[in-house]
There are 2 protein chains.
Amino acid sequence: MITKNKLNRKQQIIEKATQLFQKQGYAATSMRDLASYIGIEAASLYSHIKSKEEILQTICFQMANDFFESLEKIELEKSSADEKLKKAVISHVIVLTKDSAASAVFFSEWRHLSESYLKDFLSMRNNYENKFIQILIDGYKEGVFKKMDAKFTVLALLSSINWMPSWYKPEGKLSPEEIAENVTDVFINGLKIRS
Amino acid sequence: MITKNKLNRKQQIIEKATQLFQKQGYAATSMRDLASYIGIEAASLYSHIKSKEEILQTICFQMANDFFESLEKIELEKSSADEKLKKAVISHVIVLTKDSAASAVFFSEWRHLSESYLKDFLSMRNNYENKFIQILIDGYKEGVFKKMDAKFTVLALLSSINWMPSWYKPEGKLSPEEIAENVTDVFINGLKIRS
DNA sequence: CCTACCGATCGGTAGG
DNA sequence: CCTACCGATCGGTAGG
């Protein structure tokens, strides 16, 4: 019972912290802020978490894991590079929109992680980007994509998607699939009418 | 003499603050941090600036003005929508890369502006985005761009470019023009080989 | 541009 | 989960 309540409370703390970190930023959010939104004293937070940074770590590495898992499923499939890219983007958008507040924190507050966590984080991110780069390189080899700077293109592609949490509203008219459809359509086919 | 030295010192303060705001974020950068990098006491900063926020305001509105001015020049030109889009992106990238630290602060720290400044900032940003949206709509009417969600596409396009300050290194091999070339090429023509 | 200092607030601990 | 509290640090001012 006690354990279960503690878990729920911890979850509640992380959820509320996620919202506040997104709105105000990690550094500008105080533990007293957080506590008052939850309805307890600041000191009481420390019965459930070890430190402010632990909350940020939980958010960042949970998101990182979600992104990785979803991409690894795509990698195993046997399909052409353009299909793979499309599927990878859809998965990415689905993870992103499932918790857009956590995603926003993940993308803009990671630099406040302390050194060893920061190192892990950056290496995971690099790894993830490389998987996308590989898909583009494969697509070039298969003759389906044209010659390009694969790393540059992937960073541009991911940036255009990752910025979404800042303006994506779940009440909006676009589903994650439709968003991914729009993004990949522009990136893969371009804006120009085919002649 | 005194006036001139003061102006130089003020510039120096803003430049160093820009670097620190980019690296650590606005909220996590203290005036004591800033002062010690410059080699004076924290209290002495206030001979040159009114407040910490004034520095952020200067950075944000200077960048906003630069972006606006460069886009307004393009708007006056008589050219097709796809050429206009390309030129607009090039101008945008040039402004962005001319001071990538200030750009990074501009894009990620604006939310720390106090209310009235925040309001002005958001309205300027909206205005800027609408100019891009208009170019896409014109392109559709001219028959050069296909049907699409213009707002969505512009936000994706600008996001992919705006993220650049976080990984663009001036020592890198790509010039602003080449970067703009790459971005517009993918966006306008897509990744796929034309059949 | 400095010394001296202000009130407020920070993340976090002790002890119950 | 609370009260009581810690040392550190914050943005900023007074007065020279």
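These numbers were taken from a predicted model, which means no experiment stands behind them.

S.K.: Please explain the protein's contact with DNA strand C as it appears in this structure.
M.R.: Close to DNA strand C lie 15 residues; Arg-32 of chain A together with Arg-9, Glu-41, Ser-44 and Ser-47 of chain B are nearest. Each atom of DNA strand C within 4 Å of the protein was assigned to sugar, phosphate or base; sugar and phosphate come to 51%. Arg-32 of chain A is positioned such that a nitrogen or oxygen atom in its side chain is 2.7 Å from a base nitrogen of DNA strand C. Between DNA strand C and Glu-41 of chain B there is a distance of 2.8 Å, counted from a phosphate oxygen to a backbone nitrogen or oxygen. A class-by-class count of the residues in the surface near DNA strand C yields five nonpolar, six polar and four charged.

S.K.: I would appreciate a short explanation of the interface of chain A and chain B in the present structure.
M.R.: Many authors give the size of an interface as the accessible area that is lost as the parts come together. Across the boundary between the two partners, chain A contributes 43 residues, which contact 43 residues of chain B. Note on chain A versus chain B: buried area summed over both sides is about 3900 Å², and carbon and sulfur give 63% of it. Summed over the shared surface of chain A and chain B, the result is four salt bridges. Remark: the boundary between chain A and chain B carries six residue pairs in polar contact (both at pLDDT 80 or more). Elements that contribute at least two residues to the side of chain A that touches chain B include exactly helix H1 (2–24), helix H4 (81–98), helix H7 (150–162) and helix H8 (176–189) of chain A. For the side of chain A that touches chain B, the element with the highest residue contribution is H8 of chain A, accounting for eight residues. Of the residues belonging to the side of chain A that touches chain B, the class tally is 22 nonpolar, 11 polar and 10 charged.

S.K.: Mind showing me how you'd approach the relation of the copies chain A and chain B here?
M.R.: The operation relating the pair of chain copies consists of a rotation about an axis and a translation along that axis. Rotating chain A by 180° and translating it 0.0 Å along the rotation axis places it on chain B, where the RMSD comes to 0.0 Å. The superposition of one copy onto the other is thereby described by a two-fold rotation axis. Ranked by how close their C-alpha atoms come to the rotation axis, the residues of chain A are headed by Gly-190 of chain A, at 1.8 Å. The residues that chain A uses at the interface reappear at the interface of chain B in 100% of cases, marking a shared surface.

S.K.: Is there a simple way to explain the protein's contact with DNA strand D in this structure?
M.R.: Around DNA strand D, a shell composed of 15 residues is seen, among which Arg-9, Glu-41, Ser-44 and Ser-47 of chain A together with Arg-32 of chain B lie nearest. Interatomic distance of 3.4 Å between a backbone N/O atom of Thr-29 of chain B and a phosphate oxygen of DNA strand D. Within the side chain of Tyr-46 of chain B, an N or O atom sits 2.9 Å from a phosphate oxygen of DNA strand D. In the surface near DNA strand D, the residues fall into five nonpolar, six polar and four charged.

S.K.: Just to check I follow, could you spell out empty space enclosed by the protein for this structure?
M.R.: Over the atoms rolls a probe the size of a water molecule, and its path tells where empty space is left. Overall, the coordinates contain three cavities of 30 Å³ or more when judged by the stated rule. Here the largest cavity defines a volume of roughly 60 Å³. Ala-27, Glu-109 and His-112 of chain A together with Glu-109 and His-112 of chain B are, among the 14 residues lining the largest cavity, the residues nearest its centre. Split by residue class, the lining of the largest cavity holds five nonpolar, five polar and four charged.

S.K.: Could you clarify how one ought to interpret the environment of Ala-27 of chain B in this entry?
M.R.: For Ala-27 of chain B, the position within the fold is in the loop between helix H1 (2–24) and helix H2 (31–38). Exposure remark for Ala-27 of chain B: the relative accessible area of 33% places this residue in the partly exposed category. For the pair formed by Ala-27 of chain B and Ile-74 of chain B, sequence separation is 47 residues and the distance between their alpha carbons is 36 Å. Setting aside its immediate chain neighbours within four residues, Ala-27 of chain B contacts Ala-27 and Ala-28 of chain A together with Lys-52 and His-112 of chain B.

S.K.: Would you mind showing me how to read helix H6 (residues 115–141) of chain A here?
M.R.: Since the α-helix turns once every 3.6 residues, residues separated by three or four places project in the same direction. Residues and elements named next belong to chain A. Relative to the 39 Å expected for 27 residues at 1.5 Å per residue, H6 spans 39 Å between its end C-alpha atoms, a close match to the ideal helical length. Within the sequence span of H6, burial applies to Phe-121, Tyr-128, Glu-129, Lys-131, Phe-132, Ile-133, Ile-135, Leu-136 and Gly-139. Residues of H6 that are buried sit in contact with helix H3 (52–76), H4, helix H5 (100–108) and H7. Looking one or two residues beyond H6, the residue adopting positive phi is Gly-143, at roughly 85°.

Cut-off values and rules
- Residues numbered from 1 in each chain as written.
- Chains lettered and ligands numbered in written order.
- Predicted model: local features only at pLDDT ≥ 70, side-chain atom pairs only at ≥ 80, totals over all residues.
- Heavy atoms only, no water.
- Near = heavy atom within 4 Å.
- Polar contact = N/O pair within 3.5 Å; in protein donor to acceptor, adjacent residues only side chain to side chain.
- Nonpolar A, V, L, I, M, F, W, Y, C, P; charged D, E, K, R; others polar.
- Contact = heavy atoms within 4.5 Å.
- Buried area = accessible area lost by both parts, 1.4 Å probe.
- Salt bridge = Lys/Arg side-chain N within 4 Å of Asp/Glu carboxyl O.
- Helix = DSSP H or I, 4+ residues; strand = E, 2+ residues; numbered from the N terminus.
- Least-squares fit on C-alpha atoms with pLDDT ≥ 70 in both.
- 1 Å grid on protein atoms, 1.4 Å probe; cavity = no way out; pocket = protein on both sides within 12 Å on 5 of 7 lines; lining within 4 Å.
- Points joined across faces, edges and corners; volume = space filled by probe spheres on them.
- Buried < 20%, exposed > 50% of the residue type's maximum accessible area, 1.4 Å probe, protein only.
- Expected span 1.5 Å × (residues − 1).

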